[in-house]
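Single-letter residue listing:
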Amino acid sequence: MKTINKLVLALFLFVMSFAYAEEMPPAPASAARGGTGGGGPGAPASPIDMYVYVLSIVAIALILFYTKKYKSIKA
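Model, not experiment: these values are computed from the prediction.

A short note on the overall build of the protein chain
Thought 1: Along the backbone of the protein chain there are three helices and zero strands.
Thought 2: In the protein chain, the succession of helices and strands from N to C terminus is α-α-α.
Thought 3: Out of the 75 residues in the protein chain, the part that is buried amounts to 0%.
Thought 4: Of the accessible surface of the protein chain, which amounts to about 7500 Å², a share of 71% is contributed by carbon and sulfur atoms.

Thoughts on the packing of aromatic side chains
In this description, a pair of aromatic rings is defined by centroid distance and the angle of the planes.
Thought 1: For the structure on display, the rule yields one aromatic pair.
Thought 2: For the ring pair Phe-65 and Tyr-66, a centre distance of 5.0 Å and an interplane angle of 75° mean the geometry is edge-to-face.
Thought 3: Of the residues examined, Tyr-66 reaches a relative accessible area of 48% and is grouped as partly exposed.

Describing a nonpolar patch on the surface
Thought 1: A contiguous nonpolar patch, built from Met-50, Tyr-51, Val-54, Leu-55, Val-58, Leu-62, Phe-65 and Tyr-66 and spanning about 830 Å² of accessible area, is present on the exposed surface.
Thought 2: Here Phe-65 lies in helix H3 (residues 52–74).

Details of helix H1 (residues 3–19)
Each α-helix turn comprises 3.6 residues. Residues three or four places apart therefore point the same way.
Thought 1: The end-to-end C-alpha distance of H1 is 24 Å, a good match for the 24 Å that 17 residues give at a rise of 1.5 Å each.
Thought 2: Among the 17 residues that make up H1, zero are buried, leaving the element largely open to the surroundings.

Structural notes on the confidence of the model for the protein chain
Thought 1: On average, residues of the protein chain carry a pLDDT of 74, and 57% of them reach 70 or more.
Thought 2: Looking at the elements of the protein chain, mean pLDDT is at its lowest for helix H2 (residues 29–32), recorded as 53, and at its highest for H3, recorded as 88.

Parameters at a glance
- Residues numbered from 1 in each chain as written.
- Predicted model: local features only at pLDDT ≥ 70, side-chain atom pairs only at ≥ 80, totals over all residues.
- Heavy atoms only, no water.
- Helix = DSSP H or I, 4+ residues; strand = E, 2+ residues; numbered from the N terminus.
- Buried < 20%, exposed > 50% of the residue type's maximum accessible area, 1.4 Å probe, protein only.
- Areas by Shrake-Rupley, 256 points an atom, 1.4 Å probe, with all protein chains shown as cover.
- Phe/Tyr/Trp six-rings, centres within 6.5 Å; stacked < 30°, edge-to-face > 60°.
- Patch = residues over 30% accessible without salt bridge, like charges linked within 9 Å, V, L, I, M, F, W, Y side chains within 5 Å.
- Salt bridge = Lys/Arg side-chain N within 4 Å of Asp/Glu carboxyl O.
- Expected span 1.5 Å × (residues − 1).
- pLDDT = per-residue confidence, 0-100.

Right under this line is the structure:
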């Protein structure tokens, strides 16, 4: 694959990550008037937070797999 194709693909993925990003919820009415508002639980947790450890292990495994594959082809 040529370098320009890789750059276009990377740019496309970068742009699409912003296109599907979650928007900020509007401020509550009390905050808009200068009040402090109630004591809520805070911002909702991202669903990806549950799988951070699993995703880290999968990422390391894929890096090791492709590194070994690349070295065996090159050797």
